[in-house]
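Architecture and fold: a report
Here is what each chain is made of, one letter per residue.
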Amino acid sequence: MVVERFDVLVVGAGPAGSTAAYRLAREGASVLLADKATFPRDKPCGGGLTMRAVRQLPFSVEPVVEDRTTRVRLGLDFTRRIERRMDEPLVLMTQRKRLDAYLVEQAVRAGAEFRDGVKVSDLALEEGGVQAQVDGSRVAATHALLADGANGVSARAIGLDDGRDYGVALEANVPFGVVSEAEYRGLLCLELANVPGGYGWVFPKGDHVNVGGWEREGPRLREHLARFCREYGIPESSLEDVRGHRLPLVHPRARFAKGRVALLGDAAGLVDPLSGDGIYEAFLSARLAIKAVLAGDLESYDRELRRAISSQLAAGWSAQVALDRFPRLTYAIVRTPFLWNAVVSLLGGDVPSPSSMRGLRRVSMRAVDAIARVSGNPGKAYRLRET
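Residues numbered from 1 in each chain as written. Predicted model: local features only at pLDDT ≥ 70, side-chain atom pairs only at ≥ 80, totals over all residues. Heavy atoms only, no water.

Quick word on the sheet that holds strand 7 (residues 91-93)
Within a beta sheet, neighbouring strands are joined by backbone hydrogen bonds and run either parallel or antiparallel to one another. What the three strands build is an open sheet, ordered 3-7-4; its pairing is antiparallel. Only two strands of the sheet have a single partner each, and these edge strands are strand 3 (48-50) and strand 4 (67-69). Here the average twist between neighbouring strands, direction ignored, is 25°. (Pairing = 2+ DSSP bridges. Helix = DSSP H or I, 4+ residues; strand = E, 2+ residues; numbered from the N terminus. Axes fitted to C-alpha atoms, helices over the stretch in contact; angles between N-to-C directions.)

A look at the pattern of salt bridges
Tallying each qualifying case throughout the model produces 24 salt bridges. E62 is the salt-bridge partner of R68, the closest N and O atoms lying 2.0 Å from each other. On the basis of relative accessible area, R68 is assigned to the partly exposed category, the value being 33%. Given the relative accessible area of 44%, E62 is considered partly exposed. Its salt-bridge partner being R71, residue E83 comes within 3.4 Å of it at the nearest N-O pair. (Salt bridge = Lys/Arg side-chain N within 4 Å of Asp/Glu carboxyl O. Buried < 20%, exposed > 50% of the residue type's maximum accessible area, 1.4 Å probe, protein only.)

Overview of the layout of surface pockets
Considered as a void within the structure, the second largest pocket measures approximately 190 Å³ in volume. The wall of the second largest pocket is formed by 14 residues, among which Q56, Y280, V351, P352 and S353 lie closest to the centre. For the lining of the second largest pocket, the secondary-structure elements that each account for two or more residues are helix 7 (279-295) and helix 8 (299-325). Ranked by residue count, the leading element in the lining of the second largest pocket is helix 7, at three residues. In terms of residue class, the lining of the second largest pocket is made up of six nonpolar, four polar and four charged. (1 Å grid on protein atoms, 1.4 Å probe; cavity = no way out; pocket = protein on both sides within 12 Å on 5 of 7 lines; lining within 4 Å. Points joined across faces, edges and corners; volume = space filled by probe spheres on them. Nonpolar A, V, L, I, M, F, W, Y, C, P; charged D, E, K, R; others polar.)

Below, the structure written as structure tokens:
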């Protein structure tokens, strides 16, 4: 059998895989980007791009932006509500069908070869690289970047499956007209402490809003979504495209690289434990992995990724625990200008991580961590450990 040879095989054409393929191709590498789905394809996701995520990209996403949120409405289990306004957008809204197709297009324009609707199997580490079966073709590559998502099997195939936990999200779309476009345009709605270990949301899109929620326990999520709709005056009968999906939560002892292979994005379990967002982590992991590949030291990716996200994961776990155990006290801290400004600076990308905070912003974040400690479950326990 003829073996096709590439510098890098990228498995999965979501945000992590496509941006990795783009960066590699721009550097002159021969890249095969493969995905089992036929593009364009939809993907369950709230579709929010924080500005810190956008800052990770080497190109604009303007062609697929459907709304820009400059207002945030923050509720506490439907009993209290505050609204904050920003001078600049905090989150850009898109749909994954459009975003992922656009990212693939950028990778192809940069020189990557894209094959969709193909199955990648028999992935094996070999001396000097990797081999895999891509439908009817045998492919060899010097490196492989595995970005096949929360339900991918590539991590297990190469022995990097860490037995991670999963959250569950349930979402639906509601057309404008059923809900007021004037009310929700430019508005990000977050309802805290209304579901165990998660929150509910309303995200505005081009001709509809996306509503949903996520938590660590899945069986009652449909019940929570129904309550959310009642409280927000949304007829449950108006929900369209109701669907659920898993959110992988990284294990403290997770490994992200092995030999000439690395895990990216959801395939590595890189989902924020508080927000459930993984697009920033996808873009970040792609950038760090490509830096390591080009340096010829993929093992360094593991170390750099831990350094980049460890304090963020710890802060996220602390905030989640604090909201679960002491929601009113935590909400009171969240609504202070100090913590709110800390959140805005993080999501806006003005500071790289919670550990970089200074002054009253740092003090306010430590207050949330202290609440989690009182519960006996501090976020520090979830810091990524050296392997």
